[in-house]
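A closer look at the structure
Chain by chain, the residues:
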Amino acid sequence: MTADPMTLAGKRALITGATSGIGLAIAKALAGAGARVMINGFGDADQIAAARAEAGGALHHGADMSRPDEIEAMMATAIAELGGVDILVNNAGIQFVAPVEEFPAAKWDAILAINLSSAFHTTRLAVPGMKAAGWGRIINTASAHSLVASPFKSAYVAAKHGLAGFTKSVALEVATHGVTVNCISPGYVWTPLVERQIPDTMAARGLSREQVIEDVLLKAQPTRQFVTVSQVAQTALFLCSDAASQITGANISMDGGWTAA
Ligand code: NAD
């Protein structure tokens, strides 16, 4: 994407939901470019140790992104142990698939808290340091579902549309401070999150596993291919570059043409 060799040496990055999938790929890419990294996310000790190693010996904080008190503790630890947060990637997210009249209220609350409100809590605590430094990057993993809807995903679609709006609002607030705020909006990326929703989609729509993959997931994407975690990570890395300093408030689709239709 950029011809210039890119370095993030001296930058400090915090990536939420980075023990797996897209977040881990972003953590690896930022660490590979020289950033000091803290990852957040769940997992057993072996999974967390492996993720830390893959992300260049990253620090780890296990805050639950549905809990503002734990997010505050994580932000304080990141600022103390990394020395600040120059790059904030709000990536933690969960999915639940059910018709709205059967959607468990607790699942609605959890999805709104993890996929949307957590980004508010991390951002409000990261922005003062970024403004003081005159440089910052906030990258929110939204989704094609921040732009269009699918049935049975009411909470997820509401949260991701909210995240896209939040991104634009904060981008305007910090625009003169050298801080950019953007969303990356992937279509279907082959990660544990996508694999886990296949059984529920089979039940909700009465389809086989193969039918869900071909007729629901890949049907949405004109390229008929899944996005890869590494493609999302390279886009995040590009957004950290100087070449991307005028990209702010954007919602960057990486969805094989899904939202062009
Ligand atoms: P994943 O399940 O592989 O990873 C999710 C990460 O979030 C894990 O590290 C997990 O431990 C963490 N997490 C979950 N709940 C958490 C909580 N309460 N507190 C802290 N961490 C928590 O999923 P993924 O596919 O890599 O998804 C990452 C992001 O990308 C999500 O926001 C998701 O909505 C978004 N996204 C995914 C796809 C896709 O097709 N996979 C498409 C568009 C957007």
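Residues numbered from 1 in each chain as written. Predicted model: local features only at pLDDT ≥ 70, side-chain atom pairs only at ≥ 80, totals over all residues. Heavy atoms only, no water.

1. Some thoughts on the packing of helix α3 (residues 68-82) against helix α4 (residues 105-133)
In helix packing, the relevant descriptors are the interaxial angle and the interaxial distance, both defined with respect to the helix axes. So the rule is basically this: Axis definition: a line fitted to C-alpha atoms, limited for helices to the stretch in contact. Angles are taken between N-to-C directions and run from 0 to 180 degrees. Helix and strand assignments follow DSSP, with helices taken as H or I runs no shorter than four residues and strands as E runs no shorter than two, numbered in order from the N terminus. In a left-handed crossing the near helix is turned counterclockwise from the far helix by less than a right angle, and in a right-handed crossing that turn is clockwise. In what follows, residue pairs with any heavy atoms lying within 4.5 Å of each other are defined as contacts. Each residue gets one of three labels, nonpolar for Ala, Val, Leu, Ile, Met, Phe, Trp, Tyr, Cys and Pro, charged for Asp, Glu, Lys and Arg, and polar for the others, Gly among them.
Their axes nearest at 10 Å, the elements α3 and α4 cross at an angle of 35 degrees. Like other packed secondary-structure pairs, α3 and α4 cross with a definite hand, here right-handed. In this structure, α3 contributes P68, I71, E72, M74, M75 and I79 to the contact, and α4 contributes S118, H121, T122, R124, L125 and A126. Classifying every residue of the contact of α3 with α4 by side-chain character gives seven nonpolar, three polar and two charged.

2. Looking at the packing of aromatic side chains
The relative placement of two aromatic rings is captured by the distance of their centres and the angle of their planes. What counts here: Pairs were defined over the aromatic rings of Phe, Tyr and Trp, the Trp ring being its six-membered one, requiring ring centres within 6.5 Å. Orientation was assigned from the angle between planes: stacked under 30 degrees, edge-to-face over 60, tilted for the rest. Accessible area is worked out with a 1.4 Å probe on protein chains only. A residue is then buried under 20% of its type maximum, exposed over 50%, and partly exposed in between. Comment: the charge-over-ring label is applied if NZ (Lys) or CZ (Arg) is within 6 Å of the ring centre and within 35 degrees of the ring normal.
Inspection of the entire model under this criterion finds three aromatic pairs. Between F96 and F103, the ring centres sit 5.5 Å apart and the planes meet at 85 degrees, which makes this aromatic pair edge-to-face. The pair formed by F96 and F103 is uniform in burial state, with each residue classed as buried. In this arrangement the basic side chain of K11 is found over the ring face of W135, its NZ or CZ atom lying 4.0 Å from the centre.

3. Notes on the environment of G32
For G32, the position within the fold is in helix α1 (residues 21-32). Taking the relative accessible area as the measure of exposure, G32 reaches 68% and is therefore exposed. Each C-alpha atom, one on G32 and one on A126, is 22 Å from the other, the two residues being 94 residues apart in sequence.

4. Considering the environment of S20
Within the secondary structure layout, S20 lies in the loop between β1 (12-15) and α1. The sequence separation of S20 and G43 amounts to 23 residues, and the corresponding C-alpha distance is 8.6 Å. With near-sequence residues (within four places) excluded, S20 lies in contact with Q47 and P192.

5. Here's the deal with the environment of G43
By secondary structure assignment, the location of G43 is in the loop between β2 (36-40) and α2 (45-54). In this structure G43 comes out as partly exposed when scored by relative accessible area, which is 36%.

6. Some words on the site of the ligand
Operational definition: Any residue with a heavy atom positioned within 4 Å of a molecule or strand is treated as near that molecule or strand. Here a polar contact means two N or O atoms within 3.5 Å. Within protein one must be a hydrogen donor candidate and the other an acceptor candidate, and residues neighboring in sequence count only if both atoms are side-chain atoms. For every accessible area listed, the method is Shrake-Rupley and the probe measures 1.4 Å; residues are considered covered only by the protein chains on display.
As a structural note, the neighbourhood of the ligand is formed by 31 residues, with T19, S20, Y156, V189 and T191 the closest of them. Contact distances for the ligand include 2.7 Å between an oxygen atom and a side-chain N or O atom of T19. Backbone polar atom of M65 to a nitrogen atom of the ligand: 2.8 Å apart, as the coordinates give it. For the ligand, the protein covers 95% of the area, taking 830 Å² as the surface of the free molecule. The element contributing the most residues to the shell around the ligand is helix α6 (residues 192-205), with four residues.

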